[in-house]
Amino acid sequence: MLKTIKLSKTMALKSKPLTRTKIKIIENTIEAYKEILSIALDFGLKNKRKSHRKIREGIYEEIKNKYPKLPTHYIYTASQDASTRIKSFISMKKRGKAYTETPEVRNVSLWLDDILFNYKDFKTNIEKLFSIDKEGKKTLHLRLSTPNGRIVIPLKPHKQFFKVLNEGWKIKAGFKLILNKEDGTITILIPLEKEITINDDYKAVYALDFNLDNITYGNFENIEMIKADLGKLTEKYSNIMANIQEKFSFKGIHKQEKPLKRKGFILLKKFGRRLKNIREDKLKKLANKIAKELKEKDAVLIIEDLSSYFNQNIAKKSFKKLKHKLHNISAKKFLNYLKNKCLEFGVKVVEVNPAYTSILCPNCGNRLSQLYKLADERALPLRLMYCFDCEFYADRDAVAVFNLIKRFMGLYPFSPKSNEPIAEGTVFPMKLWVEDNPFP
Ligand SMILES: [Zn+2]
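These numbers were taken from a predicted model, which means no experiment stands behind them.

**Section: the overall build of the protein chain**
A count of helical and extended segments in the protein chain gives eleven helices and 17 strands. Per-residue burial for the protein chain yields a buried fraction of 42% across its 440 residues. Accessible surface computed for the protein chain: about 25,700 Å², of which carbon and sulfur atoms make up 52%.

Here you go:
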């Protein structure tokens, strides 16, 4: 069955530096908005009103008298803002996660409805809003209603913005405005929406396991492993960075005291950025390739749900912290790219709880043991995992793939056994589960 769903995302566009007068006007508008918001929150909480309409009705007269020049639609949006904050505050309180008596108003962005700026043009005729500036760059004009009348804010659209529009994303109502005092600019948050059809009638089930060195995906019939080599890449770059640190620092009296020279700072920043770019580029390309393949196979994709599980797991294993942190960040990034790509291609994605998926036997559910191989009188850990109960064995990453699929299907025990012969010289450890690697 084909299902239509709506995807949404938010894109930020920054303005050019604005004149001091415009900044002042926007600042005053935000101040007034903040005030209305806190009045609206007070009113809603005292009178137990959650709906934005009820809140608005309750505060309208008072605000109108206090700010006669302010466009009345700011009262509408502040009431909506308050209603959202009250609802989320109540639900946090229910879950015991609210630590204050009333919702705190710390970060205020100006909520804009379709009357408070030229929304219609954004929605239906965005091409008309562009003009070419002196440097030949396209500028997008937002006309904002303020107590001082409409002011024009020139926005700088980036490449990504045009790309997203070309991909069929539609601009939605509900813009938000943030003032950046440091550089005298504003940021506009633009909600986008896209309708896509998802194939719920999949012909194959695929699961995917991510780690820094490999991305493993497949099912019981067929497993693919792509070398990601992010671990190696990071190692290479951290060596480069250590060299920079060494070469470009002032030699202090104490060994630890080596302040970095300016040149060193610049180089460190440059290589740090380069590493990040290479990593992200690599992850995006892999996500694209895999999503395409899944679409061709009419597959549903099962991935681990990273939202709750990861943090506690990382905290436990504080050794190798950096690698874990990097794994965490990269896994989240990659799985997000992949989820978005899959959705774009209409491939259904299901997230399942990954707890124990890498250490339980996909065949019988018992704990797997890591195998070791004898080399030069030293036992080296192998990637193979072995089950002493049912003699199942498979590569560590494949185990996770099998288990994710089983968790998705809600079935245990079933799995084909691995047919590969175990390599000569393999040592079967007597301990069922090796918590600490005895051969660091
Ligand atoms: Zn087993």
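**A look at the packing of helix H1 (residues 20-46) against helix H2 (residues 52-66)**
With their axes 10 Å apart at the nearest point, H1 and H2 run at an angle of 140° to one another. Considered as vectors, H1 and H2 are oriented oblique to each other. Where H1 crosses over H2, the handedness of that crossing is right-handed. Touching Glu 35, Ile 36, Ile 39, Ala 40, Phe 43 and Gly 44 of H1 are Lys 54, Ile 55, Gly 58, Ile 59, Glu 62, Ile 63 and Lys 66, all from H2. Residues of the contact of H1 with H2, tallied by class, amount to seven nonpolar, two polar and four charged.

**Some points on the layout of surface pockets**
Space inside the second largest pocket adds up to approximately 660 Å³. Surrounding the second largest pocket, 20 residues form its lining, Lys 9, Gln 160, Lys 284, Tyr 337 and Lys 341 being those nearest its centre. The set of elements that each furnish at least two residues to the lining of the second largest pocket consists of strand E1 (2-15), helix H6 (159-166), helix H8 (262-296) and helix H10 (321-345). Considering each element in turn, the lining of the second largest pocket owes the most residues, six residues, to H10.

**Things to note about helix H3 (residues 73-94)**
Across its 22 residues, H3 extends 32 Å between first and last C-alpha, which sits within 8% of the 32 Å expected from 1.5 Å per residue. Turning to H3, its buried residues number three or more, namely His 73, Tyr 74, Ile 75, Thr 77, Ala 78, Ser 79, Asp 81, Ala 82, Ser 83, Arg 85, Ile 86 and Phe 89. The inward-facing, buried residues of H3 abut H1, H2, strand E2 (110-112) and strand E4 (138-146). Gly 96 occupies a position one or two residues after H3 and carries a positive phi of about 70°.

**What about the packing of H2 against H3?**
Look at H2 against H3: their axes get within 9 Å of each other, and the N-to-C directions meet at 135°. Classed by the angle they form, the pair H2 and H3 counts as oblique. Relative to H3, H2 is oriented so that their crossing is right-handed. Across the interface between the two elements, His 52, Ile 55, Arg 56, Ile 59, Tyr 60, Ile 63 and Lys 64 of H2 pack against Ile 75, Tyr 76, Ser 79, Gln 80, Ser 83 and Ile 86 of H3. Taken together, the residues of the contact of H2 with H3 break down into seven nonpolar, four polar and two charged.

**Regarding the sheet that holds strand E13 (residues 349-352)**
Within the open sheet, the five strands sit side by side as E11-E10-E9-E12-E13. Their pairing is mixed. Looking at strand neighbours, the two that pair on one side only are strand E11 (223-227) and E13, the edges of this open sheet. For this sheet, the mean angle separating the axes of adjacent strands, direction not counted, is 25°. For strand E9 (residues 204-210) and strand E10 (residues 214-218), the ladder comprises four bridges, and the chain directions are antiparallel.

**A few points about the environment of Glu 31**
Within the element layout of this structure, Glu 31 appears in helix H1. Distance in space between the C-alpha atoms of Glu 31 and Leu 110 is 9.7 Å, their sequence separation being 79 residues.

**Structural notes on the side chain of Lys 194**
Mapped onto the fold, Lys 194 is located in strand E8 (residues 185-199). Buried charge without a salt bridge: Lys 194, with Glu 344 as the nearest opposite-charge side chain at an N-O distance of 4.2 Å. With sequence-adjacent residues up to four places away left out, Lys 194 is seen in contact with Ile 5, Lys 6, Leu 7, Glu 167, Gly 168, Trp 169 and Glu 344.

**Quick word on the nonpolar core**
Ile 26, Phe 122, Phe 175 and Leu 177 are the most contacted members of the largest nonpolar core, which has 54 residues in total. In terms of residue count, H1 provides more of this core than any other element does, eleven residues in total. With sequence-adjacent residues up to four places away left out, Phe 175 is seen in contact with Leu 110, Trp 111, Leu 112, Phe 117, Tyr 119, Phe 122, Leu 142, Ile 188, Leu 189, Ile 190 and Pro 191. Ile 215, Tyr 237, Ala 331 and Tyr 337 belong to the second-largest nonpolar core, a separate cluster that totals 36 residues.

**A short note on the pattern of salt bridges**
Scanning the model with the defined rule gives 18 salt bridges in all. Where Glu 27 meets Lys 181, a salt bridge forms, and the shortest distance between an N and an O atom there is 3.1 Å. Separated by 154 residues along the polypeptide, Glu 27 in helix H1 and Lys 181 in the loop between strand E7 (175-180) and E8 bring together distant segments of the chain. Measuring nitrogen to oxygen at the nearest pair gives 3.7 Å for the salt bridge that ties Glu 344 to Lys 341. Taken together, the positions of Glu 344 and Lys 341, both in helix H10 and three residues apart, correspond to about one turn of that helix. Residue Lys 341 is classed as partly exposed on the basis of its relative accessible area, which comes to 22%.

**Section: the pairing of E9**
Most of E9 is tucked away: seven of the seven residues are buried. The side-chain alternation of E9 yields two buried faces, one formed by Ala 204, Tyr 206, Leu 208 and Phe 210 and the other by Val 205, Ala 207 and Asp 209. Bridge count between E9 and strand E12 (residues 299-304): four bridges; the pairing is parallel. Counterpart to Tyr 206 in the pairing with E12 is Leu 301.

**As for the side chain of Asp 397**
Note that Asp 397 resides in helix H11 (residues 396-409). In this structure Asp 397 comes out as buried when scored by relative accessible area, which is 4%. Of note is the side chain of Asp 397, whose polar atom sits 2.9 Å from the side chain of Asn 211.

**Examining unusual backbone geometry**
In this structure, Asp 229 takes a positive phi of about 50° despite not being glycine. Turning to its location among the elements, Asp 229 is positioned in the loop between E11 and helix H7 (230-247). Under the relative-accessibility criterion, Asp 229 is labelled partly exposed at 22%. A positive phi angle, near 55°, is found at Asp 298, a position not held by glycine. With respect to the element layout, Asp 298 can be found in the loop between H8 and E12.

Reading guide: rules and limits
Every chain is numbered independently, its residues counted from 1 as its sequence is written. pLDDT decides what is reported in this predicted model: residues at 70 or higher carry local features, side-chain atom pairs at 80 or more are listed and counted, and totals for whole chains, interfaces and linings draw on all residues regardless. Note that water and hydrogens are dropped before the side-chain values are worked out from all heavy atoms of the structure. Runs of E in the DSSP output that reach at least two residues are strands. Runs of H or I that reach at least four are helices, and both are numbered from the N terminus. Relative accessibility thresholds used throughout: buried, under 20% of the residue-type maximum; exposed, over 50%; partly exposed, between the two (1.4 Å probe, protein chains only). The accessible surface values rely on the Shrake-Rupley method and a 1.4 Å probe; as for residues, cover is taken only from the protein chains in view. Each axis is a line fitted through C-alpha atoms, and for a helix only the stretch in contact is used; angles between axes span 0 to 180 degrees, taken between their N-to-C directions. Here is the rule for angles: anything less than 35 degrees is roughly parallel, anything more than 145 is roughly antiparallel, 65 through 115 is roughly perpendicular, and the remaining ranges are oblique. Less than a right angle of anticlockwise turn of the near helix away from the far helix marks a crossing as left-handed, whereas a clockwise turn marks it as right-handed. Residue contacts follow a heavy-atom distance rule, with two residues in contact if any of their heavy atoms lie within 4.5 Å. In this count, Pro and Cys sit with the nonpolar residues alongside Ala, Val, Leu, Ile, Met, Phe, Trp and Tyr, while Asp, Glu, Lys and Arg are called charged and the others, Gly among them, polar. A 1.4 Å probe that fits but cannot get out identifies a cavity on a 1 Å grid over protein atoms alone, an open set with protein on both sides within 12 Å along at least five of seven lines counts as a pocket, and a residue lines either if it has an atom within 4 Å of a point. Grid points are joined across faces, edges and corners, and a volume is the space filled by probe spheres set on the points. Expected helix span is computed as 1.5 Å times (number of residues minus one). The pairing criterion for strands is at least two bridges between them, as found by DSSP. Only four residue types enter the charge count, namely Lys and Arg as positive and Asp and Glu as negative; His and the chain termini do not. Here a salt bridge means any side-chain nitrogen of Lys or Arg lying within 4 Å of a carboxyl oxygen belonging to Asp or Glu. The nonpolar core is taken to be a set of buried Ala, Val, Leu, Ile, Met, Phe, Trp, Tyr and Cys residues, with the residues joined through side-chain atoms within 4.5 Å. Pairs of N or O atoms are called polar contacts if they sit within 3.5 Å, as long as, within protein, a hydrogen donor faces a hydrogen acceptor (for residues adjacent in sequence, only side-chain-to-side-chain pairs).

Fair warning: the whole summary comes from geometry, so function is off the table for now.
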